[in-house]
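Given next are the chains, with one letter for each unit.
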Amino acid sequence: CTITHSAASTDLAYDAIAVASVTGDITDNDIAVTDLLTNGDFASGVVTPWFLYGQITSRVSSGVFEFVRPAGAPAGVIAQNTGQTVPANDIVSSTFQLGNSSNVRKRVTVLMHDSNFTDLTACTFWLPAFAGLQTYTMRAYASQAWSNASLSVYPATVGTEQWMRLDGVSML
């Protein structure tokens, strides 16, 4: 495995210390990174093994999960428990695509958490009207050991204008 990184400075004050490139070989300790989630691309056309809870109306269209939150309680969510542990102080990251095909701005909240919610990180995203799928990445530390790493996506805007969109979800 070869790692290459290139950087260039446009600030003349830093030109003397700028690193043009770094190349190195990893010979021991190769790291295999495995996605904790299954069916994050919804290519199967179904939601499984994700689950839905609460007030959420959804469908899978052309391999993209589309959803809205009708009025009522409890708030809706699409979530997946991975069954995988995460040691305390490990970095957890998730990359996903969000979009909005409706004519109004929508809000989505994404949680990376232990399935019992004793430790979590949440980010809220405002999606402009008619926004195509855009890639987002969340990164956080598990402040305590997780027994079941989970990802939850909440449609935070109440309204039936179609659709908030989710695709390309991974969690490492």
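Description of the overall build of the protein chain
What the protein chain contains, in helices and strands, is 0 helices and 12 strands. Of the regular secondary structure in the protein chain, the N- to C-terminal order runs β-β-β-β-β-β-β-β-β-β-β-β. Here the protein chain, with 172 residues, has 38% of them falling under the buried criterion. Across the protein chain, contacts joining residues at least 24 apart in sequence account for 68% of those joining residues at least 6 apart.

Things to note about the sheet that holds strand β3 (residues 51-53)
In spatial order, the strands read β3-β6-β11-β8-β9; together these 5 strands make up an open sheet with antiparallel pairing. Whereas interior strands pair on both sides, the edge strands pair on one side only; in this sheet they are β3 and β9 (120-127). Sheet twist, expressed as the average angle between the axes of neighbouring strands with direction ignored, equals 20 degrees. For strand β8 (residues 106-114) and β9, the ladder comprises 8 bridges, and the chain directions are antiparallel. Note that in β9 the partner of Val110 across the bridge is Cys123.

Remarks on the nonpolar core
Among the nonpolar cores identified, the biggest contains 29 residues, and Leu151, Leu166 and Met171 are the most heavily contacted of them. The set of elements that each furnish at least two residues to this core consists of β5 (64-69), β7 (91-100), β8, β9, β10 (131-141), β11 (149-155) and β12 (159-171). For this core, the element with the highest residue contribution is β12, accounting for 4 residues. Aside from chain neighbours lying at most four places away, what touches Met171 is Thr34, Asp35, Leu36, Leu37, Val92, Ser93, Ser94, Met112, Trp146, Ala149, Ser150 and Leu151.

Digging into the side chain of Thr157
With respect to the element layout, Thr157 can be found in the loop between β11 and β12. Within the local environment of Thr157, its side chain forms a polar contact with the backbone nitrogen of Arg107, the two atoms lying 2.6 Å apart. Setting aside residues no more than four positions away along its own chain, Thr157 makes contact with Arg69, Arg105, Lys106, Arg107 and Met164.

Some remarks on the pairing of β11
Burial analysis of β11 places 6 of its 7 residues in the buried class, which makes it a mostly covered element. Of the strand pairs in this sheet, β8 and β11 are connected by 7 bridges, and their pairing is antiparallel. Looking across to β11, one finds that Thr109 is bridged to Tyr154.

Let's talk about the sheet that holds β7
If you trace the 5 strands from one edge of the open sheet to the other, you get β4-β5-β12-β7-β10, paired in antiparallel fashion. Looking along the sheet, the strands with just one partner apiece sit at the ends: β4 (57-61) and β10. For this sheet the average axis-to-axis angle between neighbouring strands, irrespective of direction, equals 30 degrees.

Concerning the pairing of β8
Of all 9 residues making up β8, 8 are buried, and the element is well covered by its neighbours. Where β8 hands over to β9, the hairpin turn is made up of 5 residues, of which Phe117 adopts a positive phi near 65 degrees.

Comments concerning the side chain of Asp119
Looking at where Asp119 falls in the secondary structure, it is placed in the loop between β8 and β9. Summary of buried charges: Asp119 has no salt-bridge partner, and the nearest side chain of opposite charge, Arg139, is 15 Å away. Every residue in contact with Asp119, bar those within four places of it in the chain, is listed here: Met112, His113, Asp114, Ala142, Ser143, Gln144 and Trp146.

Basis of the calculations
- Residues numbered from 1 in each chain as written.
- Predicted model: local features only at pLDDT ≥ 70, side-chain atom pairs only at ≥ 80, totals over all residues.
- Heavy atoms only, no water.
- Helix = DSSP H or I, 4+ residues; strand = E, 2+ residues; numbered from the N terminus.
- Buried < 20%, exposed > 50% of the residue type's maximum accessible area, 1.4 Å probe, protein only.
- Contact = heavy atoms within 4.5 Å.
- Pairing = 2+ DSSP bridges.
- Axes fitted to C-alpha atoms, helices over the stretch in contact; angles between N-to-C directions.
- Core = buried A, V, L, I, M, F, W, Y, C linked by side-chain atoms within 4.5 Å.
- Polar contact = N/O pair within 3.5 Å; in protein donor to acceptor, adjacent residues only side chain to side chain.
- Lys, Arg positive; Asp, Glu negative; His and termini not counted.
- Salt bridge = Lys/Arg side-chain N within 4 Å of Asp/Glu carboxyl O.

Geometric values such as these leave the question of function open.
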